[in-house]
Amino acid sequence: KKEQQPLPLLVVSSLWEGRKSAAGLTDTISIVSAVTECVTFLMLRRPKKDSPATALSAQSWRSCGQLFLETLSYYLVETSNVGYHGPAALAVEELCATLSRDLRKLDVASSSSNDSTDDDRGIAVIKSWLWGTEGLQNTLSLEKDTISEQQQSSIIGKWDTLLRKLLSSSLSSSSSSKQPSSHLIPSCKTLFHTIVKRNKLVDEGSFLLSILRFCGVATIFSNIGEEEGGLSAATGGEGESSSSIERFCVNDLLRWILIHATSSSSSLISSTSSAIVKTDFEIFKLCLESLPSLTRQKQIWETVLRELINAYCDYTTLAVGLTTLAGSKRQNNADNNNASGADLVRCEVLDTFSIDTANHIMGEFRRSHDILHHHEPEAEDYPVGGTKRRRGNLSLFLKTCVGIAKDCPSSGPLVSTSVIQHWIHLCCEQQSNVDYLLLEDESGSNVLLKTLLDLASSNKSVISHDETVKLLYESWLEGGTTWNECAVVPFFGVTETNVNTTTLREQVVSIASSTLCNDIQSEPPANDHALLELLCQAWAKRAARLMLIASPEAKNNSSLLDVVGLSNLQLWNEATVQSDDDGGGKNEKSEFLFLCLMYLLHSIDTEEHRRDILFKNCSGAELLFVHIQTTCISMSNNSPLLESFEGRTARNRQLLETLGGRDGLLSLTSSESLLEDCAMHNIDLLSSLMKDASGNSMMTRRVLTSLSFLMSLLFPSAYNQDTTSENKDVSDGDDDVITAADVKEGDSLWYEKGEERTRVKATVVKIHRDDFPNLYFTIKEEEGSSDTNNNNGERQTVASRLKRYPKSNDGIMRKKELLLPDVRGDVAQRDRVGRYMVDKLIKPFLSQLRFDDDATRVKNEVAAECMNIVISQCGLVSLGLGSVRYDIFQAVSSMERDLCDALSTSEPSSLAKCVPLLRCLSLAMGYGVYTIPSQDNVSVVKMDPSGSVGKLLELYENLSWVEAQTTDPTEAFHSSVLMWLAAAASAIKDGETFQRTSAMMHTLSDIVLLQNSSDLAINSFCAMNAARSLQVASDRCMDYSSVDNEDEKSVLSKLTGCFVHLSLDESSSGLWIEAFSSLLQHNHRKSPVMLLPAANSFSNELCDCLFDPVKRWCAFQMLHLFAKDSQPLQSPGDDDDVIIPSETEQQLLVWKETMDEEEGIELEEDVSVAASWLPERIMSLLQNVGNNGATISAHSDDPDPQEVRGMGNLLAWIASLDILDVAGSVDMRNRSHISSFIQKTNALGWIMNLALQEADLDNLRRNENIFACIDFSDGKKKDDTDFLIQKVATLAVFRTVESLPTLVKTWYNDDCPRFLRQRLSVFVENVVAPATLQRELVRIKEATSFGEMTVSGSCVSRELVATYQQDECQLSVMIRMPSTFPLRNVEVDCQKTMGIAENRWRRWALQIMLMLNNQDGSVLDALLLWKQNVDKEFEGVEPCPVCYSVLCIKTHRMPNLECKTCHNRFHTSCLYKWFQSSGKSQCVICQQPWSGHRV
């Protein structure tokens, strides 16, 4: 057959067959492209008339056309797997270009052959076949059984590319050939309808769009017979075509859009999904453009839009559709000439939906940001009035609606003006509703407002000037990114300087300023501090935003505080008065103003800018600052004596810190007079209040406190502080001494150098422990103090040469040395301010004291406290007649004379007159109720209070008067006496006066410290201050020793009773506890024995206080002192005299039910010994936690009851261990008895579980002092960073392992949770074992009961060796401590013992191991017991056959049960343990039934 073909066709056919032998895919595609060109050339070539051989038969032309279709089929199917890059891809692209070009040529040639009857070209012969159902339509058919779905997709994609090429070439060709011919249309039309009928649109939308663009919409839908899949019948004509198009849009195309939108909205819409949806709308746009009537187009569009909205189509899809349709080309329609795409899109449906959307999003926004109203939570996917939330990019939709989206055509908004007006009304609705207060919109979630602001900045004609002001104001209210990005930058940026912008700025600032002023003057919410905080934060953020946009003129010419409304003096004054009227506490109005100011200042970056806001360009800034300071003072009518100055001025110090502190205020321009001017204004304000007959007493005291605070800023220090402060540099005796255990590496101490013992500053470089316990140290002297011959100033020394302070008073108690005013203060300024205060506040009220009414007494007390300010803060810097010092001295002397006169008689009326005199004198001499207390005033003024003190001593030594006062006390008088003693005690110099004063304190405590007194808290606080001052005065009494002062002990006991019984509220607990703690610290440091009677008397109540967070620190310190006392609570002559608590006695009966008689007797002895040492509450706690984990007490009102109970349990446990150690040191048998009781209660396991769960064992620093959390020796109360449950729990673990090693080992092996074992083992090895060994070595070195036995040991080798000479035998024992003792047993070796039988020294080794491994004994106890056993054996006493020891390890008794058969003697406890373990009651030696007797 091939030989019969014409030569050209034969050549082309051979070339086509040769593609199979090509070297690669690229060559194959190139061959196919060549075949396409050749075949096209043959079909388009006209045969030569003189060469008939060139003419082909119809069959040959058909073969030629078949070759063309095969190359087309190869491109459509075979090239689908070719990638997008590389030579093959380029070849495919070239093949596509060839096919599109040749198809175009063949199509044109087929059309021209219709007009010519003599066309003899091949295309004319086969055109019907080529373009018909057997040709091209068959090649493009998707319904053939031999085509897979993948091949169908390939055909669609490749044909889409060809159509784009053909369309591109049509648009670029001449105008005469721009319309496609009819030969390709049938195939495209068939393919279009086939795809639509398949209803599997995924990526075919682009292909359908290409067909519509190539063929035209009307062409595709013309002359359609009845079809399935949504295409309706048409019989021809333009009307039928339009109807088909409309049905296609509202049926098939709408369904496609919904399907694609649903699949894309299930997650964040990708660019691919968005492109698919855009293609759907492009098809929709072409269909609408093909309709002749704009009215009909709008109807179809509204129908589709309505269906999309009802189906909850996402916002992104709607935005894409609007953008696509709005970009339609302008066209002439029958009912609207030159209509644009925007005209098509604008419709009532879109307007209604836009309004509904705005209502929904604004309602949702206000619900989520409204502070003042609470709303029920709504479903996650809700719409307005529906059950589902619409997803998608809402911002894009809104911007598209107003025509400012990125891809939206510039044809104006797509919604009507009424819609935009409605949006503006919705956004600005808050402005007319005072009940709304929204949270800061940090994330910019109000997309509607952002859209409107963007519209206002981009299209000035759509939104008016007034509307823009409203929107900017609303943005200012909401803040966040909307304000910063959409308002500040476009409208108030530095580049925006035109007149319109300036007007906008002025109007917005004016409205916003008015709003802030109204808000700051409104009443804040009552009894809701959380809401108050939110309101203040919102106000401050708005104020900061307003300051940001305030015009430069406003910043330069007036204070920014004027703009926000905080410069109103009346506002601050009214808040202060309202606070005083409400009782003086933290009133909501004053708290509101303070928080607003603080949040506003904190929103400003730099302290300098904050100070400028308060003081720069602000007229009357000093007076305003005084009023602010006054409002910040926290006052209370409840127990003012129990409120500290620091507590009252806490907010003032916060404000000062925010402004950069005192140094920050001094850095201001002309700052030298700023603080003085403030002080002068404060003095004037206080003077006017005191002169006002109807003045507010609380307001007066508030201003007084403010004055004292300002004076502390103006004059930081008038005199050297008391040497009890942290910065003291003169030693007072014992507290200068340093023990070796106190020294830590890195400590900065004072080294006594040379024979003259000159003190030089030195740093501890290293601690040497190679001669433990004799520690020595390497120190390095500071530069300038070291010897030139010494290497780098380093030397070695011992603890006795190291001191805490640079100066010593050679053992004489210190005397306070008052120096001249601090050189930092200006003497003239001090005198000027002091004189002004004397003239304005002191002389007018204290020159002639009158006590007519309460108001007068208040003014006198305020004047007296002003005297304290002048003395202690300004300083008496001038001398001579008429000086401040002279006037102060005269006033004080006059008051004391009046007091002495009043005390001359003990009449009740005279006592009433003494009360204000005593109070005024106390306040003037530094008692400090509303001012800073001072202990130096008596010495500074050089006042001698001996007259008044002597009168008081005589009065309280009058027994009949004291007895009358005890029956009917005048409490106001006695509390005033205590105040005066607290202030005047510093003048006591001789021991006799001190002893009389101590006796008077004892009498006063008996009178005023009554448990049923309503003023017990105040009276006890005054008593503590007086007692503390007397204790300090005792240091100055050269001829007095405070040892064993019964009066002082009695006072301390009564104060301790007040401590354990008082229920202190939050406002008064701090100062009271601080005073009590100070009293404890002084006695703990000077004479702890003074506190022992109090601790013993209230041991049980102190245990209860461990569960009160306010009291537990002081309670534990007293229990610690109680535990260190070597005397038991009960010291009976025999066991029957010990009183066992009833709860413990009941528990004892339960325990004895399962015991033999002898065991019960032994347990009774254990309980009796424990009861003689342990307080009842601790015994109850041990029983309760061992049974069910209960505690002594539980405070449900505490913020964290679990932490409170846990801390209380741990502290009580540590106290019980301290008692155990002390009892064991008195008699080693006590340790065995008490540990047996603890073991019986099962308390150890519960405590260890609690402690290990709370302890921070993994983060201990090297050489960290575990006891630091409870250490009282440094004279400081531990703060929240030390006294934490984590650190206390760590100490509890340490002390438990140290004091109860055997019980801990048993618990560790049997009951310790596995997840805690490793932590505990590491902690014991690294911390407990080394410390235990060091403690044992120290105890052994200090022991005096070894006699001829010598003991030595080493911390490095962990070995101890004891040598004992008995008769002619040398006994030697070596104890080896494992690294994890007591979790592992000790090893005992007696092999070096000479002259002793092996069985005997093995018994001795077993005795020591039993003592250390099974009886919670110390190494010292074990060695002493071993020595006693050796002595007894050498005396001929036989050991117990069970324990191989003469003395019982627990009771230290000799064997006292004798077998009647073999006459061997046993310890009672050993024999009954043998009975229990063996399960039979037979003698250990003879195995006969036991019938022994006690000997």
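Heads up: the structure comes first, above all this text.
Below is a short write-up of the structure. Just so it is clear, the structure is predicted and the values come from calculations on it, not from any experiment. Here, residues in each chain are numbered from 1, in the same order as that chain's written sequence. Thresholds applied to this predicted model are a pLDDT of at least 70 for local features of residues and 80 or more for the giving and counting of side-chain atom pairs; totals over whole chains, interfaces and linings are not thresholded and use all residues. To get the side-chain values, take all heavy atoms of the structure and skip hydrogens and water.

1. So, the sheet that holds strand β4 (residues 794-797)
Inference 1: The pairing criterion for strands is at least two bridges between them, as found by DSSP. A run of DSSP states H or I qualifies as a helix once it reaches four residues; a run of E qualifies as a strand once it reaches two. Both are numbered from the N-terminal end. Here we have 5 strands laid out as an open sheet, ordered β4-β3-β2-β1-β5, and antiparallel in their pairing. Bordering the open sheet on either side are β4 and β5 (802-803), each of which pairs with just one other strand.
Inference 2: Pairing of strand β2 (residues 758-768) with strand β3 (residues 776-781) involves 6 bridges; the strand directions are antiparallel. From the neighbouring strand, Lys 766 faces β3, where its bridge partner is Thr 778.

2. Some words on the sheet that holds strand β10 (residues 1457-1458)
Inference 1: Taken in spatial order, the 3 strands line up as β11-β10-β12 in an open sheet, and their pairing is antiparallel. Every interior strand has two partners, whereas the edge strands, β11 (1465-1466) and β12 (1493-1494), have only one.
Inference 2: Bridge count for β10 against β12 is 2 bridges, and the pairing is antiparallel. If you follow Leu 1457 over to β12, its bridge partner there is Arg 1494.

3. Thoughts on the nonpolar core
Inference 1: Grouped together as the largest cluster of nonpolar side chains are 394 residues, with contacts concentrated most on Trp 159, Phe 397, Met 711, Ile 888 and Phe 973.
Inference 2: The element that contributes the greatest number of residues to this core is helix α53 (residues 1201-1226), accounting for 12 residues.
Inference 3: When residues no more than four places from it in sequence are discounted, the contact partners of Ile 888 are Val 838, Ile 842, Met 867, Val 870, Ile 871, Leu 876 and Val 941.
Inference 4: Definition of nonpolar core: a set of buried residues of the types Ala, Val, Leu, Ile, Met, Phe, Trp, Tyr and Cys, connected through side-chain atoms within 4.5 Å. Summary of the burial criterion: residues with accessible area below 20% of their type's maximum are buried, those above 50% are exposed, and those between are partly exposed, where the area comes from a 1.4 Å probe applied to protein chains only. The next biggest cluster of nonpolar side chains, apart from the first, holds 17 residues, and it includes Ala 1362, Tyr 1364, Met 1377 and Val 1419. The contact criterion used is simple: two residues touch if any of their non-hydrogen atoms lie within 4.5 Å.

4. Some points on the pairing of β3
Inference 1: As paired strands, β3 and β4 are joined by 4 bridges and run antiparallel to one another. Its bridge partner lying in β4, Thr 778 is registered against Gln 796.

5. A word on the environment of Trp 476
Inference 1: Tracing the backbone through its elements, the reader meets Trp 476 in helix α20 (residues 465-478).
Inference 2: When its relative accessible area of 0% is taken as the criterion, Trp 476 is described as buried.
Inference 3: Separated by 67 residues in sequence, Trp 476 and Ala 543 have C-alpha atoms that sit 9.5 Å apart.
Inference 4: Those residues in contact with Trp 476 that sit more than four places away from it in its chain are Trp 483, Ala 512, Thr 515, Leu 516, Arg 542, Arg 545 and Leu 546.

6. Quick look at the pairing of β2
Inference 1: Strand direction decides the pairing type here: strand β1 (residues 748-753) and β2, joined by 6 bridges, are antiparallel. Bridge pairing links Ser 748 to Thr 763 in β2.

7. Notes on the packing of aromatic side chains
Inference 1: Pairing of aromatic rings covers Phe, Tyr and the six-membered ring of Trp, with a centre-to-centre limit of 6.5 Å; geometry is then stacked below 30 degrees between planes, edge-to-face above 60, and tilted otherwise. One pass over the full model with this rule turns up 17 aromatic pairs.
Inference 2: With 5.9 Å between their ring centres and 80° between their planes, Phe 192 and Phe 221 make a pair best called edge-to-face. Pair noted here: Phe 192 is in helix α8 (residues 185-198) and Phe 221 is in the loop between α10 (217-220) and α11 (237-265), with a separation of 29 residues, a long-range link.
Inference 3: The buried category is assigned to Phe 192, whose relative accessible area is 0%.
Inference 4: Here Tyr 315 and Phe 397 contribute two aromatic rings whose centre-to-centre distance is 5.5 Å and whose plane-to-plane angle is 40°, an arrangement assigned as tilted.

8. Brief notes about helix α49 (residues 1112-1124)
Inference 1: One less than the number of residues in a helix, times 1.5 Å, gives the span that helix is expected to have. Spanning 13 residues, α49 covers 18 Å between terminal C-alpha atoms, matching the ideal 18 Å at 1.5 Å per step.
Inference 2: The element α49 is largely enclosed, with a buried count of 11 among its 13 residues.
Inference 3: Taken together, the buried positions of α49 are Arg 1112, Trp 1113, Cys 1114, Ala 1115, Phe 1116, Gln 1117, Met 1118, Leu 1119, Leu 1121, Phe 1122 and Ala 1123.

9. Brief notes about helix α29 (residues 621-632)
Inference 1: Across its 12 residues, α29 extends 16 Å between first and last C-alpha, which sits within 8% of the 16 Å expected from 1.5 Å per residue.
Inference 2: Burial of α29 is extensive: 10 of the 12 residues sit out of reach of the surface.
Inference 3: Turning to α29, its buried residues number three or more, namely Ala 621, Leu 624, Phe 625, Val 626, His 627, Ile 628, Gln 629, Thr 630, Thr 631 and Cys 632.

10. A short note on the pattern of salt bridges
Inference 1: Just to be clear on terms, a salt bridge is a Lys or Arg side-chain nitrogen sitting within 4 Å of an Asp or Glu carboxyl oxygen. Per the stated rule, a full pass over the model turns up 34 salt bridges.
Inference 2: As a salt-bridge pair, Arg 255 and Asp 252 come within 3.1 Å of each other at their nearest N and O atoms. Taken together, the residues Arg 255 and Asp 252, both in helix α11 and 3 residues apart, mark about one turn of the helix.
Inference 3: With a relative accessible area of 29%, Arg 255 lands in the partly exposed category.
Inference 4: Residue Asp 252 is classed as buried on the basis of its relative accessible area of 0%.
Inference 5: The partner of Asp 1227 in a salt bridge is Arg 1229, with the nearest N and O atoms 2.9 Å apart.

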